[in-house]
Structure formats: structure tokens, C-alpha cells
Amino acid sequence: MIKLSNTLLVSALLSASLAAPAALAQQDPSYVTFSKPLATTSAEQAEVLDFFSYTCSHCAAIAPMMQDWEKNLDDKAVMLHVPVAFNAAMEPTQKFYYAIEALGRLDLHLPLFDAIHKERQRIFTEEALIDWAVKQGIEKEAISSAMSSFSVAHKARNARKLTESYGVQGTPSIGIDGRYLTSPSMTGTYESSIQKAQELLAKVLAEK
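Residues numbered from 1 in each chain as written. Predicted model: local features only at pLDDT ≥ 70, side-chain atom pairs only at ≥ 80, totals over all residues. Heavy atoms only, no water.

- Within an unreviewed UniProt entry, the label attached to the chain reads Thiol:disulfide interchange protein, and the organism entered is Oligella urethralis DNF00040.
- As its UniProt record puts it under Sequence similarities (unreviewed entry), the chain is described as follows: "Belongs to the thioredoxin family. DsbA subfamily."
- The UniProt entry for the chain carries the following comment under Subcellular location (unreviewed entry): "Periplasm". (UniProt positions renumbered as here; feature names shortened; annotations may be inferred.)

Below is the structure:
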């Protein structure tokens, strides 16, 4: 079980309390409850939002666990991966996720984390991301067009709106159907954050 530092934990808890002015007061600091549920895209399925960034080492660590959890989600739930860009420098990696999604190459999701965090490759600019994608077998014209497409730009804007709506101050964070937000920084470990998210998801599904 991987534990986060006390400094990171305290910082994240303070950030969470400041980031969500519409949150209900509660005893349990391992998640945030929104006083007014946020809008979701599906009435039939409960949404699990995986807020991540390719530049985040904690996201790289939890990503395989999130993928395993996604494979075992209830049929009445769906996981949406939300690449976060807190600043302009993070926008290329945000767009890259939606580009490989559009091209049907989400098999490159985990390998990009590995390339950045295990192989120490500096793949942060649009040019570097395109070059890396070409090495993975994607045609340069295809990835370049996808990165600059209207649909990718639209999804990136929506991702930024979701990040703001959920009051996400750090990654990784997990949103549950517009009602809750949790994270490893709130729960203390990667594993416990997924466990808490599963508990919150079960609560949502029971109420549907």
C-alpha cells in the first residue's frame, strides 16, 4: 500500500476545503459532498470521473489501478477519464488524451505515463507528443489532425469546465456522479481512494 506524505495530505485537505465552497460540512475528511449535485451526461449510468494529468507521478502510479477498477465497474456505471490542465503548459497533454481517444488508440494511455515517469522522456509539448505517437505507429498526419481538431478542442474545454465545477485542486482526484469528490490525498493511499470512491458509487447506485 503506497502512502502519501503528511505534508501532501494536509495540503490537499486544505485545498479541498477551499476549492469546494458548495460542499456540505461533514465529519469524514476522506471525501467531499456537494450540497448541490453537479450536472452529469447520463441519466441511466452513474459517472465516475478520473481526473488525471500525464505529468503527475501520482496519476502514473494509480492509473493501472483505475484501469482495473474500470474493468469491474457495475453495468450501471461508466468511467470518464478527464485530463486536467491547470495551466497552458499542460494543455498539449490534455489534448493528446482526446486525440488518441478519437483515433482509437487508448492502448497508449498507460504507455505514455511510463514513457514520462519511468523512461524519463520529456514528452510535454505538442511536437514531442506527436513525435512519440509516430514512434508508436500512428501516422503523423492523423495525430496532428486529431490534436488540432474542433472535437478535441471542444472536449478539452469541457474537461476544464469539469475540473472547475468539481473544485479539483490536484490530481489524481475521483468524482462520483456530480455528488462527491475524493482523492488519495484525502484518504491517504491510492488503494483507499479507489475503495472510498467505490463506496460512494455504491451509495449513488442504490439511490437510482
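Next, the rest of the story.
**Some thoughts on the nonpolar core**
Okay, step 1: One finds Phe-51, Tyr-54, Phe-96, Leu-112, Ile-143 and Leu-181 to be the most contacted residues of the largest nonpolar core, which totals 37 residues.
Okay, step 2: Those elements giving two or more residues to this core turn out to be strand S2 (46-52), helix H2 (57-71), helix H3 (91-102), helix H4 (109-117), helix H5 (126-135), helix H6 (140-147) and helix H7 (150-165).
Okay, step 3: Discounting residues that sit within four places of it in the chain, Tyr-54 has contacts with Thr-93, Tyr-97, Ile-100, His-109, Leu-112, Phe-113, Ile-116 and His-117.
Okay, step 4: Met-66, Tyr-180, Tyr-190 and Leu-205 belong to the second largest nonpolar core, which has 19 residues in total. (Core = buried A, V, L, I, M, F, W, Y, C linked by side-chain atoms within 4.5 Å. Buried < 20%, exposed > 50% of the residue type's maximum accessible area, 1.4 Å probe, protein only. Helix = DSSP H or I, 4+ residues; strand = E, 2+ residues; numbered from the N terminus. Contact = heavy atoms within 4.5 Å.)

**Structural notes on the environment of Leu-38**
Okay, step 1: Inspection of the secondary structure assignment puts Leu-38 in the loop between strand S1 (32-33) and S2.
Okay, step 2: For Leu-38 and Leu-162, which are 124 residues apart along the polypeptide, the C-alpha to C-alpha distance reads 9.3 Å.
Okay, step 3: Setting aside its immediate chain neighbours within four residues, Leu-38 contacts Ser-165, Tyr-166 and Gly-178.

**A closer look at the packing of H3 against H7**
Okay, step 1: Across the interface, H3 lies against H7 with an axial gap of 9 Å and an inter-helix angle of 125°. Classified by the interaxial angle, the pair formed by H3 and H7 is oblique. Like other packed secondary-structure pairs, H3 and H7 cross with a definite hand, here right-handed. Facing H3, whose interface residues are Glu-91, Gln-94, Lys-95, Tyr-98, Ala-99 and Glu-101, H7 presents Val-152, Lys-155, Ala-156, Ala-159 and Arg-160.
Okay, step 2: Counted by class, the contact of H3 with H7 contains five nonpolar, one polar and five charged residues. (Axes fitted to C-alpha atoms, helices over the stretch in contact; angles between N-to-C directions. Parallel < 35°, antiparallel > 145°, perpendicular 65-115°, else oblique. Left-handed = near helix turned anticlockwise from the far one by under 90°. Nonpolar A, V, L, I, M, F, W, Y, C, P; charged D, E, K, R; others polar.)

**What to know about H7**
Okay, step 1: Taking 1.5 Å per residue, 16 residues should reach 22 Å; H7 reaches 22 Å between its end C-alpha atoms and fits that length.
Okay, step 2: Its buried side turned inward, H7 meets S2, strand S3 (77-83), H3 and H6.
Okay, step 3: In the segment just after H7, Gly-167 is the residue with positive phi, at about 65°. (Expected span 1.5 Å × (residues − 1).)

**A word on the pairing of S2**
Okay, step 1: Extensive coverage of S2 is indicated by the burial of seven of its seven residues.
Okay, step 2: Bridging between S2 and S3 involves seven bridges; their strand directions are parallel. Opposite Glu-47, over in S3, you have Val-78 as the bridge partner.
Okay, step 3: Crossover connection from S2 via H2 to parallel S3: handedness right-handed. (Pairing = 2+ DSSP bridges. Right-handed = clockwise from strand over helix to strand, strands pointing away.)

**Side note on the sheet that holds strand S5 (residues 180-182)**
Okay, step 1: Pairing is mixed in the open sheet, where five strands are placed in the order S1-S5-S4-S2-S3. With partners counted over all chains shown, the strands left at the sheet margins are S1 and S3, one partner each.
Okay, step 2: Note that S1 and S5 share two bridges and pair antiparallel. Residue pairing for S5: Thr-33 is matched across the bridge by Tyr-180.

**Things to note about H6**
Okay, step 1: Taken as a whole, H6 has its buried residues at Ile-143, Ala-146 and Met-147. One side of H6 carries all its buried residues, which in axial view fall inside an arc of 100°.
Okay, step 2: Those residues of H6 hidden inside the fold are in contact with H3, H5 and H7. (Arc of directions from axis to C-beta.)

**With respect to the pattern of salt bridges**
Okay, step 1: Applying the stated criterion across every chain, the model contains seven salt bridges.
Okay, step 2: Note that Lys-196 is salt-bridged to Asp-28, the shortest N-O span being 3.4 Å. Here the residue Lys-196 occupies a position in helix H9 (residues 190-207), and Asp-28 occupies one in the loop between helix H1 (6-19) and S1, the gap between them amounting to 168 residues.
Okay, step 3: Assessed through its relative accessible area of 15%, Lys-196 is described here as buried.
Okay, step 4: Glu-207 serves as the salt-bridge partner of Arg-179, at 2.5 Å between the closest nitrogen and oxygen. Residue Arg-179 is found in the loop between strand S4 (173-176) and S5, and its partner Glu-207 is found in helix H9; the two are separated by 28 residues along the sequence.
Okay, step 5: On the basis of relative accessibility, which here comes to 22%, the residue Arg-179 falls in the partly exposed class.
Okay, step 6: The structure contains a network of salt bridges with shared partners spanning Asp-28, Lys-196 and Glu-199. (Salt bridge = Lys/Arg side-chain N within 4 Å of Asp/Glu carboxyl O.)

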